[in-house]
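Notes for the structure review
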Amino acid sequence: MKKITAILITLLAAFSLMACGFSPLDINFKIEKYEPNYQSLSFVITWDTETDKIVKDSMYMNLSLDGKVVSSKVGIKSGEAFEVTRLKENTTYLVEVFATSGKDLVTLYKDHKTTLVDGSSVENPYLINNKQDLMTLYETMQKEEIEGESGNIEYRKDVLLKTYYKLAADIDMQNEVLLTSIFNGKEFKGTFDGNGKTIRNVEVLNTNKGEVSLFGRVSGTIKNLTLDNVYINSKNNSYAGTSYVSIVAHNAFNTSVIFEGIHIKNSKIEYTHYSTVGTLYLGAVAGNAKGKFKDITIDGLDIDLDITRNLSTAYVGSLVGRYNDESNKKINRIQNVIVTNNTTNVNFVHVEESGKNRTLNVGGIIGGLSISGTQTNLYYQGEININQTKFESKLTEGQTASNSEVNVGGIVGKSASEISQVYADVNINIQNTANNEKTNLKGIKFTKAGILAGQNQYVLKQAIGKGNIHVLTDSLETDAFIGYLDKMTRPELYAIYQNVVFNKNDVVIEDTSMITVYANKEELTAFLENQSISQWIKDRL
């Protein structure tokens, strides 16, 4: 029997189990529900509360192991669920319920109960062997109740959300279409260990929700997993609020999150953002995030985003849409990220209204970054296309235009963090494409674009880049390499590999001050031998 089925059978048996012990008093004593977890047991006990055969509030439970009481629950109330904690996984305990009757202590119940084992830890993982195992997990998380069964389905889900999962084999989902995330949008607090295996050929279809991804909300760990040919399909979305979009986890806004050893290949995100006020967070590993990102590769990812009614605020990146952690803990949380063969296309409508500032932040790796510490070893190769498909002005006479902005960079769109040891090979195109013609952006006060960062508000160093930027706009604050600078410290190293062409309104702008230009890889490699660029970057040139 499959392990996913086995754990549910264990829970079902527990739910349907009534008191197997004894009750010497005629008070209609009953164990209504018993629910095992990995390190706890939960119960609901009922009895005739009008009885005078037991002293009020005298009922309590002891759990014993090898003749020693290890945990207790006092003040048990009839019909109220309670949990006995501090237990060991896969361990059988003697459960006893006592109450005071007159002057005597009476035993009302006595039986043995066992905590769960499969999925409790790395030593006892919950193995997923095939497509059916994964689908059983998915289907269980969708259910509101199970016909003909007693027990609390929400409790069962809670157990599954804290489980340690491990893939035992590669899984071909055979183009299965999921209508929600595997965990149905609930917060996954456990660990999903891919064990070096691959999940391939799966689609997540979303038409009217603001949250879409394969795993949903995550505050636990996802690691050692390859995802191949995953399609996030929200092109017909009509949700009009804040949206979180990802292949892995749409929302991971918790410092305890760990994404490590994740590899995404040949995958696609199509999303229609219908809201005029809600913020959009879109990234392949996480839409909105804190936590740790390490040893991530993304190859052959296509992002197609349509903002159809009006640009509000959007964060778009191949790794993460927005990473924001201002806890002042100087920890390197984003390390060793490689993005190759990426194409990001963003089409947006802009309706100009006085006092309503609109912002689009698009990065090859990260859309928006605000974090203490230094993020290191970031490599991007791909193309970013920003198209304003429609512009409408609702300004009346005397009204002031908004301070709307577009920030686009090969590594990060808008950065307020120290970044070092980076390489970007990017082509960026920004223009208005209404009426199938390429013209200047309209109603955008600031267009900030750079090979490395669009708008950089902190330290950027040990950086190498190449590529082309083509911008059609009425207003521009940028240079060809590092974008708009705010509070920028002097760089320790900037090097352009081959050339950077910056084109504004079809006029080539060459501004490579502070930057050393190398015509070929051999010249660059020779220069880097005596520089403080990491071996990780050198190995990937």
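Just so it is clear, the model here is predicted, and its values are computed rather than measured.

1. So, the overall build of the protein chain
A tally of helices and strands in the protein chain yields 5 helices and 35 strands. For the protein chain, the proportion of contacts with a sequence separation of at least 24, taken over those separated by at least 6, is 78%. Element-wise, carbon and sulfur atoms account for 42% of the exposed surface of the protein chain, whose accessible area totals about 21800 Å².

2. Structural notes on helix α2 (residues 131–142)
For an α-helix, 3.6 residues make a turn, and residues three or four places apart therefore share a direction. Its 12 residues place the ends of α2 17 Å apart at the C-alpha level, agreeing with the 16 Å of an ideal helix rising 1.5 Å per residue. Of all 12 residues that make up α2, 9 are buried, and the element is covered over most of its length. Along α2, the positions that sit buried rather than exposed are Lys 131, Asp 133, Leu 134, Met 135, Thr 136, Leu 137, Tyr 138, Thr 140 and Met 141. Residue Asn 130 occupies the N-cap position of α2, its side-chain oxygen lying 3.2 Å from the main-chain nitrogen of Gln 132.

3. Notes on the pattern of salt bridges
Summed over all chains, the structure comprises 14 salt bridges. The partner of Glu 176 in a salt bridge is Lys 131, and the shortest N-O contact between them spans 2.8 Å. Of this pair, Glu 176 sits in strand β10 (residues 171–178) while Lys 131 sits in helix α2; the two residues are 45 residues apart in sequence, bridging distant segments of the chain. When salt bridges that share partners are traced, they join Lys 268, Glu 270 and Asp 304 into one network.

4. Quick notes on the confidence of the model for the protein chain
Residues of the protein chain with pLDDT of at least 70 account for 83%, and the chain-wide mean is 83. Least confident of the elements in the protein chain is strand β32 (residues 484–485), whose mean pLDDT is 45; most confident is strand β16 (residues 258–265), at 98. Below a pLDDT of 50 lies the segment residues 146–151, which in the model reaches 9 contacts outside its immediate sequence neighbourhood of four places, other chains included. When the criterion is pLDDT under 50, residues 508–514 qualifies, and its contacts beyond four places in sequence or with other chains add up to 13 contacts.

5. Some details on the sheet that holds strand β4 (residues 68–74)
The strands making up a sheet associate through backbone hydrogen bonding, with each pair oriented either parallel or antiparallel. Pairing is antiparallel across the open sheet formed by 4 strands, whose spatial order is β4-β3-β6-β7. With one partner strand each, in any of the chains shown, β4 and β7 (104–114) form the two edges of the open sheet. Recorded for the sheet is a direction-independent mean angle of 25 degrees between the axes of neighbouring strands. As defined by bridge partners, strand β3 (residues 60–65) adjoins β4 across 6 bridges and the pair is classed as antiparallel.

6. As for the nonpolar core
Counting 98 residues, the largest nonpolar core has Phe 192, Phe 215, Ile 247, Val 248, Phe 259, Leu 319 and Ile 386 as its most contacted members. Discounting chain neighbours no more than four positions away, the residues touching Ile 247 are Ser 213, Leu 214, Phe 215, Leu 227, Val 230, Ile 232, Ile 264, Ser 267, Ile 269, Gly 283, Ala 284 and Leu 301.

7. Let's talk about the side chain of Thr 180
Relative to the assigned elements, Thr 180 resides in the loop between β10 and β11 (191–205). Since its relative accessible area comes to 14%, Thr 180 is described here as buried. A polar atom in the side chain of Thr 180 sits 2.8 Å from the side chain of Gln 142. Discounting residues that sit within four places of it in the chain, Thr 180 has contacts with Tyr 138, Gln 142, Val 204 and Lys 209.

8. Let's talk about unusual backbone geometry
The phi dihedral of Asp 66 falls on the positive side, at around 55 degrees, and the residue is not glycine. Relative to the assigned elements, Asp 66 resides in the loop between β3 and β4. On the basis of relative accessible area, Asp 66 is assigned to the exposed category, the value being 78%. You will see that Gln 421, though not glycine, has its phi angle at about 60 degrees, which is positive. Note on placement: Gln 421 falls in strand β28 (residues 412–432).

9. Quick look at the environment of Lys 157
Relative to the assigned elements, Lys 157 resides in helix α3 (residues 153–161). In this structure, the C-alpha to C-alpha distance between Lys 157 and Lys 143, residues 14 residues apart in sequence, is 9.2 Å. Excluding anything up to four places from it in sequence, Lys 157 contacts Thr 140, Met 141, Gln 142, Lys 143, Glu 144 and Lys 186.

10. Observations concerning the side chain of Thr 221
Mapped onto the fold, Thr 221 is located in strand β13 (residues 221–234). Setting aside its immediate chain neighbours within four residues, Thr 221 contacts Phe 188, Gly 190, Thr 191, Phe 192 and Ile 258.

11. Description of the sheet that holds strand β1 (residues 30–36)
The strand order β1-β2-β5 describes an open sheet built from 3 strands, whose pairing is antiparallel. Two strands close off the open sheet at either side, each with one partner strand: β1 and β5 (82–84). Taken pair by pair, the neighbouring strands of this sheet meet at an average axis angle of 25 degrees, ignoring direction. Pairing analysis gives 6 bridges linking β1 to strand β2 (residues 41–46), with the strands arranged antiparallel. Counterpart to Ile 31 in the pairing with β2 is Ile 45.

12. Quick word on the pairing of strand β25 (residues 359–363)
The buried count for β25 comes to 5 of 5 residues, which makes it a mostly enclosed element. Covered by surrounding structure in β25 are Thr 359, Asn 361 and Gly 363 together with Leu 360 and Val 362, the residues of both alternating faces. In terms of strand pairing, strand β22 (residues 313–317) meets β25 through 5 bridges, oriented parallel. The partner of Thr 313 across the bridge, within β25, is Thr 359. Here 5 bridges tie β25 to strand β27 (residues 405–409), and the two strands are oriented parallel to one another. Within β27, the position partnered with Gly 363 by the bridge is Gly 409.

13. Concerning the packing of aromatic side chains
All chains considered together, the criterion is met by 15 aromatic pairs. Arranged with centres 6.0 Å apart and planes meeting at 40 degrees, the rings of Tyr 165 and Phe 188 form a pair that is tilted. Taken as a pair, Tyr 165 in strand β9 (residues 164–167) and Phe 188 in the loop between β10 and β11 lie far apart in primary sequence, 23 residues in all. Since its relative accessible area comes to 0%, Tyr 165 is described here as buried. Owing to a relative accessible area of 0%, Phe 188 belongs among the buried residues under this scheme. Summarising the aromatic geometry, the rings of Tyr 244 and Tyr 281 are spaced 5.1 Å apart at their centres and angled 10 degrees between planes, so their arrangement reads as stacked. Taken together, the residues Tyr 244 in strand β14 (residues 243–245) and Tyr 281 in strand β18 (residues 280–283) connect sequence positions 37 residues apart. The rings of Tyr 126, Tyr 165, Phe 183, Phe 188, Phe 192 and Phe 215 are connected pair by pair, giving a single aromatic cluster. Positioned above the aromatic ring of Tyr 34, the side-chain terminus of Lys 113 is 4.8 Å from the ring centre. Just above the ring of Tyr 274 sits the side chain of Arg 309; from NZ or CZ to the centre is 4.6 Å.

What counts, and at which threshold
Residues numbered from 1 in each chain as written. Predicted model: local features only at pLDDT ≥ 70, side-chain atom pairs only at ≥ 80, totals over all residues. Heavy atoms only, no water. Helix = DSSP H or I, 4+ residues; strand = E, 2+ residues; numbered from the N terminus. Contact = heavy atoms within 4.5 Å. Areas by Shrake-Rupley, 256 points an atom, 1.4 Å probe, with all protein chains shown as cover. Expected span 1.5 Å × (residues − 1). Buried < 20%, exposed > 50% of the residue type's maximum accessible area, 1.4 Å probe, protein only. Polar contact = N/O pair within 3.5 Å; in protein donor to acceptor, adjacent residues only side chain to side chain. Salt bridge = Lys/Arg side-chain N within 4 Å of Asp/Glu carboxyl O. pLDDT = per-residue confidence, 0-100. Pairing = 2+ DSSP bridges. Axes fitted to C-alpha atoms, helices over the stretch in contact; angles between N-to-C directions. Core = buried A, V, L, I, M, F, W, Y, C linked by side-chain atoms within 4.5 Å. Phe/Tyr/Trp six-rings, centres within 6.5 Å; stacked < 30°, edge-to-face > 60°. Lys NZ or Arg CZ within 6 Å of the ring centre and 35° of its normal.

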